[in-house]
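Here is what each chain is made of, one letter per residue.
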Amino acid sequence: MPEDEYPHYVEFRHVYKTFDRPVLKDVNFFVDAGQTLAIIGRSGVGKSVSLGHIMGFMKPDKGQVIVAYQDITQMSEQELRRIRKKVTMVFQSGALFDSLTVGENILFSLELREDYNEQNKEDVVNGLLEMVDLAHVKDLFPADLSTGYKRAVAIARALAAQPECILYDEPTTMVDPIMSDDLSNLMLRLKRQLALTSIVVTHDLDLMRKVADTVMFLYKNEAIYFGPVNELDKCQHPHVKQFLAMDRVEISGKIEEE
Ligand SMILES: Nc1ncnc2c1ncn2[C@@H]1O[C@H](COP(=O)(O)OP(=O)(O)OP(=O)(O)O)[C@@H](O)[C@H]1O
Ligand SMILES: [Mg+2]
């Protein structure tokens, strides 16, 4: 059984990655099935690069990346496509098709499903929209939606593939606090109802506290904290303390970083 060798759903073992400068240096963390990990850290620290490794879009220079209980480090594109059926990513932009309605955007990701007929597909689209509380925008186009709504549609579309694991890259950046809270609640609900394993890259400490079980804090290429979210406050690293001390107003500086 692969689970014997790789007991965690996602795991980094001594991962190193250098582009024009080192980005990840001996990074180790894991996420168990059904759990949520938050990846926190300043801009440019390697959060999105970490997600890229989990999706197999990038390979580490050294170390192992485990996904769905398998070592994906040396996998071919073809093998990776099999992994990407289980693990899906919600991009910040939502990456929706502008010329399709919300309903059609979700339907599009069901096109290749041979196990559904047209009526089934319609039912699945409606079910997914209800799950994310967006049944009322089914016939609207992405351009008619706020950023937060677009993210929720992107989440619904990602769920159409019935993934085991979902990666969110800054899901609440650039949305107002109420929408941010709605998205956090949605993520929490999906985690509970679908037992989804999730990894969320975020600067949003409210979101982190609400949805995460564990946290990895990246600073200067290294994971300076990896552990339970409710013990992060005890971490004595000055940078973690400074980050936690920031109030909401300062955190909203993240908008400038984009
Ligand atoms: N494909 C790539 N080729 C070269 N350099 C890259 C590539 N992807 C990322 N980088 C570099 O790696 C570093 C980490 O980037 P990454 O996107 O992971 O940052 P981040 O922590 O997600 O930041 P942000 O909070 O701004 O999204 C940056 O210096 C970036 O320029
Ligand atoms: Mg990023």
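Source: prediction; values computed, not measured.

Asker: I tried to follow the site of ligand 1 on my own but got confused; where do I start?
Answerer: Around ligand 1, 13 residues are found, and the nearest of them are R21, S43, G44, K47 and V49. Here an oxygen atom of ligand 1 sits 2.4 Å away from a polar atom, N or O, in the side chain of S43. Contact between ligand 1 and S48: an oxygen atom at 2.9 Å from a side-chain N or O atom of the residue. When isolated, ligand 1 has an accessible area of 640 Å², and the protein chains bury 61% of it.

Asker: How should the nonpolar core be read in this particular structure?
Answerer: Note that soluble globular proteins tend to have their nonpolar side chains buried in a common cluster. In this structure, I106, I155, Y168 and M208 are the most contacted members of the largest nonpolar core, which totals 48 residues. Of all the elements, helix α6 (residues 147-159) adds the most residues to this core, at 7 residues. Here this core spans two domains, since at least three of its residues come from each of domain 1 (1-86 + 171-258) and domain 2 (92-162). What M208 contacts, discounting residues up to four positions off in sequence, is A38, I40, V215, V229 and L232. Membership of the second largest hydrophobic core comes to 32 residues, among which are L24, V31, M55 and L80.

Asker: Looking at this structure, I do not really get the domain arrangement of the protein. What am I missing?
Answerer: When the parts of a complex come together, some accessible area is lost, and that lost area is often used as the size of the interface. Domain parsing of the protein yields domain 1 (1-86 + 171-258) and domain 2 (92-162). For domain 1 and domain 2, the distance between their C-alpha centres works out to 25 Å. In this assembly, 15 residues from domain 1 lie in contact with 12 residues from domain 2. Both sides of the domain 1 and domain 2 interface together cover about 1,000 Å² of buried area, and 64% of this is carbon and sulfur. On the domain 1 side of the contact with domain 2, M179, L186 and L190 bury the most area, a combined 33% of that side's loss. Applying the counting criterion to the domain 1 and domain 2 interface returns 1 salt bridge. The shortest N-O distance in the salt bridge between R189 and D133 comes to 3.8 Å. If you look at where domain 1 meets domain 2, you find 3 residue pairs in polar contact (both at pLDDT 80 or more). For the side of domain 1 that touches domain 2, the class distribution of residues is 9 nonpolar, 3 polar and 3 charged.

Asker: Looking at this model, I keep getting lost on the sheet that holds strand β6 (residues 87-90). Mind explaining?
Answerer: Across a sheet, paired strands are connected by hydrogen bonds in the backbone, their directions being either parallel or antiparallel. Ordered by their spatial adjacency, 6 strands build an open sheet running β6-β7-β8-β3-β9-β10, and the pairing between neighbours is mixed. Two strands lie at the open edges of the sheet, namely β6 and β10 (222-228), each paired on one side alone. Across the sheet, the axes of successive neighbouring strands diverge by a mean angle of 15°, strand direction being ignored. Here 5 bridges tie strand β7 (residues 165-169) to strand β8 (residues 197-201), and the two strands are oriented parallel to one another. Across the sheet, residue D169 finds its bridge partner in β8, namely V201. Against the sheet, helix α9 (residues 238-245) contacts β3 (36-40), β9 (214-219) and β10, and its axis sits at roughly 110° relative to β9.

Asker: What is the right way to read the pairing of β9 from this model?
Answerer: Regular strands place side chains that alternate from one sheet face to the opposite one. In terms of burial, β9 is a largely internal element, 5 of the 6 residues being buried. As paired elements, β3 and β9 share 4 bridges and run parallel to each other. Along β9, the bridge assignment pairs I39 with M216. Here β9 runs beside β10; their pairing, made up of 6 bridges, is antiparallel.

Asker: How should I be thinking about the packing of aromatic side chains in this particular structure?
Answerer: Each pair of aromatic rings is reported with the distance of its centres and the angle of its planes. One pass over the full model with this rule turns up 5 aromatic pairs. Residues Y9 and Y69 carry aromatic rings whose centres are separated by 5.3 Å and whose planes lie at 75° to one another, so their mutual orientation is edge-to-face. You can see Y9 sitting in the loop between α1 (2-5) and β1 (10-18) and its partner Y69 sitting in the loop between β4 (62-67) and β5 (70-71), a full 60 residues away along the chain. Judged by relative accessible area, Y69 falls into the buried class, the value being 18%. Taking 5.2 Å as the distance between ring centres and 80° as the angle between the ring planes, the aromatic pair formed by F30 and F226 counts as edge-to-face. You can see F30 sitting in strand β2 (residues 22-31) and its partner F226 sitting in strand β10, a full 196 residues away along the chain. Judged by its relative accessible area of 30%, F30 is partly exposed. Over the aromatic face of Y16 sits the side chain of K62, whose NZ or CZ is 4.4 Å from the ring centroid.

Asker: Sorry if this is basic, but what is going on with the environment of L188 here?
Answerer: Assignment of secondary structure puts L188 in helix α7 (residues 177-194). For L188, a relative accessible area of 13% corresponds to the buried category. For L188 and K210, which are 22 residues apart along the polypeptide, the C-alpha to C-alpha distance reads 7.5 Å.

Here is what the cut-offs are and how they apply
- Residues numbered from 1 in each chain as written.
- Chains lettered and ligands numbered in written order.
- Predicted model: local features only at pLDDT ≥ 70, side-chain atom pairs only at ≥ 80, totals over all residues.
- Heavy atoms only, no water.
- Near = heavy atom within 4 Å.
- Polar contact = N/O pair within 3.5 Å; in protein donor to acceptor, adjacent residues only side chain to side chain.
- Areas by Shrake-Rupley, 256 points an atom, 1.4 Å probe, with all protein chains shown as cover.
- Core = buried A, V, L, I, M, F, W, Y, C linked by side-chain atoms within 4.5 Å.
- Buried < 20%, exposed > 50% of the residue type's maximum accessible area, 1.4 Å probe, protein only.
- Helix = DSSP H or I, 4+ residues; strand = E, 2+ residues; numbered from the N terminus.
- Domains from an automatic or database assignment.
- Contact = heavy atoms within 4.5 Å.
- Buried area = accessible area lost by both parts, 1.4 Å probe.
- Salt bridge = Lys/Arg side-chain N within 4 Å of Asp/Glu carboxyl O.
- Nonpolar A, V, L, I, M, F, W, Y, C, P; charged D, E, K, R; others polar.
- Pairing = 2+ DSSP bridges.
- Axes fitted to C-alpha atoms, helices over the stretch in contact; angles between N-to-C directions.
- Phe/Tyr/Trp six-rings, centres within 6.5 Å; stacked < 30°, edge-to-face > 60°.
- Lys NZ or Arg CZ within 6 Å of the ring centre and 35° of its normal.

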